[in-house]
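# Geometric and topological summary
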Amino acid sequence: MNTKRHKHSSLGDNLLTVFVVVFMVVFVIFTLYPVLNTVALSFNDGIDAVRGGIYLLPRKFATKNYTTVLGMQNLLIGAKITVLRTIIGTLSSLLVNALVAFVISRKRFLFKSGVSLFWVITMYVNGGLIPTFILFKNLGLTNSFNVYWIPGMVGAFNILVLRTYMQGLPDSLEESAQLDGAGYMTIFAKITSPLCKPVYATVALFVAVGQWNSWFDAMLYNRMKTEFTTLQYELMKLLSSVMQQSGSAENAKNGTDAITPLTIRASATVVTMLPIICLYPFLQRYFVTGLTIGGVKE
Amino acid sequence: MAGNDAVVKKDKRITWKEIKRQKTLLIITFFVTIYGIIFYYLPLSGWIMAFQNYKPKNGLLHSTFVGFDKFKFLFEDATFLGVIRNTFCMGLLNLVTTTIMAVLFAILLNEVRHTLLKKTIQTISYLPHFLSWIVVTGILHDSLSSTGIINDVLLNLGIVDQAVNFFAYPKYFWPIVAFANCWKETGWNAIIYLAAITSIDPCLYEAASIDGASRIQKIKYITLPGIKPTFMILLLMNIGNVLNAGFEVQYLLGNGLVQSVSQTIDIYVLKWGISQNDYSLGTAAGIFKSAVSILLIVIANQVAKKAGEERLF
């Protein structure tokens, strides 16, 4: 393809090529290095790691960090709760958001614009932290697992993404099904939903990542309940309890064990991010379509 | 949001026959609307607290009204004025830096001709978006610590004589937060711009090539104008969010030494409202934030309208 352009490969274009290469190399290093460094630290002997100078590979290989982390009772409870909230939260949210989107994307629906407006408003106006906190307390949602999936179940952004996709489906399918006597639920389950698989995957991905990564609700509403702790919240406690000591060699010398806050943190971080890192490359096409629908069209 | 509605025929009259026909839809709407009222609209009634000396034992109905006293307290509190400045400046700094990075990344990635390489770089670029702020701030702490990579590089290049404790100086805090946001979201934010670039008519590039345009000229005269509408819409959407962009990072990275520049409105609300139990003051600060956000959206939308650009509503 370059043959046509040979006479135009000017100085500027050559500089552009150099700039693109340098930019991309720096970008990739900046993105990957901290993650790879964390993995290297997580497999390194604790006391040795405090000396610094570990980059992409462990210097003194050890698995002690992982056996320690995986033996932490709170972290295991957190992992269980996180898996549960991700599954329950994602399924319930997808079902209800899809139903709402289905309703407001029906052309003949009587309160189409009213219901749409009702949800769009929630994107811009909300009660804020304190009134929400009091409401959850009054509803008995604090100190319970339910606070993880009920309040965030329906969200305007996801409804809009789903609605936009559903509006793009041909009406003729619905009309012919109705002629055959199908009710709305049948149309939703048998016609719309199968066609919406890509956008369902997108929304499920958004919700699941949000569920997996959230920590604030655990801290705010279930601080006292260790049985409802989450993975991220446990990681946060682990990080903040040792943040002040990071890099202090004295702290490591006193210990006889080969684990230190630095390496424990690293291995806990790897455990927390591993599932997502393994999964996201395969879901790329879904979030790319989803973002494009949600962003470019609205 | 509208536009689609205009196409629909205006023969929607509420008749019993139609209600019966749409029974299922109406039942779903009924339950979901109740849900929406409870979780999205009911908390708005809590705004009354901002005008009261709210005591949980008295409730909303029996707490004494104090008018605008709480707001007066807020605006006479030097800390809160600093908090407003922090929230606004960090929000704006984040918006500007992340937007520039996303546009730059999208344009430059588009110049990478090797398809597999391009795909690989893009996949890598999404990675940080999927990590939680807890993980990201933890990694950042390690990288910026006295034995971390940044200090290693600075020491080896002779830029500094001894390791810098980046989290101890207020002057580094805003740049660190902006960097953290860019690190996490550049690849993700670029998705929309890349989609916008893809949707530019290839004929334009071909015609430009025939006319002898250089690659830089094509970027300047075709790509940049091509992504301008997307840029404007995202800018509009994000301007209303400027004040919302300040909680997780600041909360997780902040410490006593940099408190004067790290505290944002949301952290202030959390501190006064939940930790100090002054629900009224926390709510007042929250209302202030919502009001400014809405104002910003409306202004941005008006400006866009005047300039004849795309707009939200």
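Each chain has its residues counted from 1, following the order in which its sequence is written. Each chain takes a letter, starting from A, and each ligand takes a number, starting from 1, following the order in which they are written. Where local features are concerned, this predicted model is filtered to residues with pLDDT of at least 70; where side-chain atom pairs are given and counted, the filter is 80 or more; whole-chain, interface and lining totals use all residues. The side-chain quantities take in all heavy atoms of the structure and omit both hydrogens and water.

### Here we look at the overall build of chain B
Note the threshold: Put simply, DSSP marks the helices as runs of H or I at least four residues long and the strands as runs of E at least two long, and each gets a number from the N terminus on. Here the globule rule reads 2.2 Å times residues to the power 0.38, and the radius of gyration is calculated from C-alpha atoms. The buried label applies to any residue whose accessible area, calculated with a 1.4 Å probe on protein chains only, is under 20% of its type's maximum; exposed applies above 50%, and partly exposed to all values in between. The contact definition used throughout considers only heavy atoms, calling two residues in contact when any of these lie within 4.5 Å. Note on areas: Shrake-Rupley with a 1.4 Å probe; residue coverage comes only from the protein chains shown. Asp and Glu count as negative and Lys and Arg as positive, but His and the ends of the chain are not part of the count. A charge is said to be at NZ when it belongs to Lys, at CZ for Arg, at CG for Asp and at CD for Glu.
Within chain B one finds 16 helices and two strands. Taking 313 residues into account, the globule formula puts the C-alpha radius of gyration at 20 Å, and chain B, at 25 Å, lies well above it. By its C-alpha atoms, chain B is 75 × 70 × 35 Å across when sized along the principal axes. Expressed as a percentage of its 313 residues, the buried residues of chain B come to 50%. For chain B, long-range pairs separated by at least 24 residues make up 64% of all intrachain contacts whose partners lie at least 6 apart in sequence. Accessible surface, chain B as shown: approximately 15,700 Å² in total, 65% of it carbon and sulfur. Across chain B, the 27 positively charged side chains and the 19 negatively charged ones have centroids separated by 10 Å.

### Things to note about the packing of helix α5 (residues 112–124) of chain A against helix α3 (residues 23–45) of chain B
Keep this limit in mind: Every axis in this analysis is a line fitted to C-alpha atoms, fitted for helices over the stretch in contact. Angles between the N-to-C directions lie between 0 and 180 degrees. Our angle categories are set so that under 35 degrees counts as roughly parallel, over 145 as roughly antiparallel, 65 to 115 as roughly perpendicular, and the remainder as oblique. A crossing counts as left-handed when the near helix is turned anticlockwise from the far one by less than a right angle, and as right-handed when that turn is clockwise. Throughout, the ten residues Ala, Val, Leu, Ile, Met, Phe, Trp, Tyr, Cys and Pro are labelled nonpolar, Asp, Glu, Lys and Arg are labelled charged, and all others, Gly among them, are labelled polar.
Running from N to C, α5(A) and α3(B) point in directions that differ by 25 degrees, and their axes come no closer than 11 Å. Relative to α3(B), the element α5(A) is oriented roughly parallel. Between α5(A) and α3(B) lies a crossing of left-handed hand. Contacts from A:Val115, A:Phe118, A:Trp119, A:Ile121 and A:Thr122 in α5(A) reach B:Thr29, B:Val32, B:Thr33, B:Tyr35, B:Gly36, B:Ile37, B:Tyr40 and B:Tyr41 in α3(B). Split by residue class, the contact of α5(A) with α3(B) holds nine nonpolar, four polar and no charged.

### Thoughts on unusual backbone geometry
Here the phi dihedral of A:Asn143 falls at roughly 55 degrees; this positive angle occurs in a residue that is not glycine. Its location among the elements puts A:Asn143 in the loop between α6 (129–138) and α7 (156–167). Looking at A:Asn143, the relative accessible area reads 36%, which means it is partly exposed. Positioned with a positive phi, B:Asn277 is a non-glycine residue whose angle comes to about 60 degrees. Mapped onto the secondary structure, B:Asn277 falls in the loop between α15 (265–275) and α16 (279–306).

### Details of the pattern of salt bridges
Residue and element names in this part refer to chain A. Our working rule: The working definition used for a salt bridge is a side-chain nitrogen of Lys or Arg within 4 Å of a carboxyl oxygen of Asp or Glu.
All chains considered together, the criterion is met by 15 salt bridges over all chains. Here aspartate 217 and arginine 85 are joined by a salt bridge, their closest N and O atoms 2.8 Å apart. With a gap of 132 residues between them, aspartate 217 in helix α11 (residues 216–221) and arginine 85 in helix α4 (residues 73–104) connect regions that are remote in the sequence. For the pair aspartate 217 and arginine 85, a shared accessibility class is recorded, and that class is buried. The salt bridge involving glutamate 234 is made with lysine 237; its shortest N-O contact spans 3.1 Å. Taken as a pair, glutamate 234 and lysine 237 lie in helix α12 (residues 231–243) at a separation of three residues, close to a single helical turn. Taking relative accessible area as the criterion, glutamate 234 reaches 7% and is therefore assigned buried. A network of salt bridges, in which partner residues are shared, links Asp48, Arg51 and Arg59.

### Observations concerning the interface of chain A and chain B
Note the threshold: When two parts are brought into contact, each loses some accessible area as probed by a 1.4 Å sphere; the total of that loss over both is the buried area.
On the chain B side, the residues contacting the 102 residues of chain A number 89 residues. Counting the surface lost from both chain A and chain B, the interface buries some 8,800 Å², and carbon and sulfur atoms represent 75% of this. Its largest share of buried area at the contact with chain B, chain A owes to A:Leu110, A:Ile130 and A:Trp215, together 8% of the area lost on that side. Top contributing element to the side of chain A that touches chain B by residue count: helix α1 (residues 11–42) of chain A, with 18 residues.

### Notes on the confidence of the model for chain B
All names here are of chain B. Condition: Each residue gets a pLDDT score, which is the predictor's confidence in that residue and runs from 0 to 100.
On average, residues of chain B score 89 in pLDDT, and 94% of them are at 70 or above. Overall, residues 1–9 carries pLDDT values under 50, and its contacts beyond four positions in sequence, including any with other chains, amount to 10 contacts. We note a pTM of 0.88 for the whole complex and an ipTM of 0.87 for its interfaces.

### Topic: the nonpolar core
Just so we agree on the cut-off: Residues belong to one nonpolar core when they are buried, are Ala, Val, Leu, Ile, Met, Phe, Trp, Tyr or Cys, and are joined through side-chain atoms within 4.5 Å.
Of all hydrophobic cores here, the largest spans 152 residues; its most connected members are A:Met24, A:Trp119, A:Tyr200, A:Phe287 and B:Phe130. For this core, the element with the most residues is helix α10 (residues 170–198) of chain B, which contributes 13 residues. With residues up to four places along the chain from it excluded, the contact list for A:Tyr200 reads A:Leu94, A:Ala98, A:Leu162, A:Met166, A:Phe188 and A:Ser193. Counting six residues, the second largest nonpolar core, distinct from the first, contains A:Ala40, A:Leu41, A:Ala49 and A:Leu262.

### Focus: helix α8 (residues 133–144) of chain B
Residues and elements named next belong to chain B. Threshold: Helix span, as expected, comes to 1.5 Å for every residue beyond the first.
Between its first and last C-alpha atoms α8 spans 16 Å; for 12 residues at 1.5 Å apiece the expected length is 16 Å, and the two agree. Where burial is concerned, most of α8 is hidden: 12 out of the 12 residues are buried. Taken as a whole, α8 has its buried residues at Trp133, Ile134, Val135, Val136, Thr137, Gly138, Ile139, Leu140, His141, Asp142, Ser143 and Leu144.

### Quick notes on the environment of B:Lys271
Mapped onto the secondary structure, B:Lys271 falls in helix α15. Along the backbone, B:Lys271 and B:Gly226 are 45 residues apart, and their C-alpha atoms lie at a distance of 45 Å.

### Looking at the packing of aromatic side chains
Residues and elements named next belong to chain B. For clarity, the threshold we go by: Here a Phe, Tyr or Trp ring, Trp counted by its six-membered ring, pairs with any other such ring whose centre lies within 6.5 Å, and the pair is stacked when the planes are under 30 degrees apart, edge-to-face when over 60, and tilted otherwise.
A complete count under the given rule lists 41 aromatic pairs over all chains for this structure. Each ring, one from phenylalanine 51 and one from phenylalanine 68, has its centre 5.4 Å from the other, and the planes form 85 degrees; the classification is edge-to-face. Here phenylalanine 51, found in the loop between α3 and β1 (52–53), pairs with phenylalanine 68, found in the loop between β2 (64–65) and α5 (69–76); they are 17 residues apart in sequence, far enough to count as distant. On the basis of relative accessible area, phenylalanine 51 is assigned to the partly exposed category, the value being 26%. Between the aromatic rings of phenylalanine 247 and tyrosine 251, the centroid separation amounts to 5.4 Å while the plane-to-plane angle is 25 degrees, which identifies the pairing as stacked. The class for phenylalanine 247 is buried, based on a relative accessible area of 14%.

### A closer look at the side chain of A:Ser144
Residues and elements named next belong to chain A. The test is simple: In protein, a polar contact requires one atom able to donate a hydrogen and another able to accept it; more generally it is a pair of N or O atoms within 3.5 Å, and residues adjacent in sequence count only if both atoms are side-chain atoms.
Relative to the helices and strands, serine 144 resides in the loop between α6 and α7. The buried category is assigned to serine 144, whose relative accessible area is 12%. Within the structure, serine 144 has its side chain in polar contact with the backbone oxygen of leucine 141 (distance 2.9 Å). Beyond its immediate sequence surroundings of up to four residues, serine 144 is in contact with Asn222 and Phe228.

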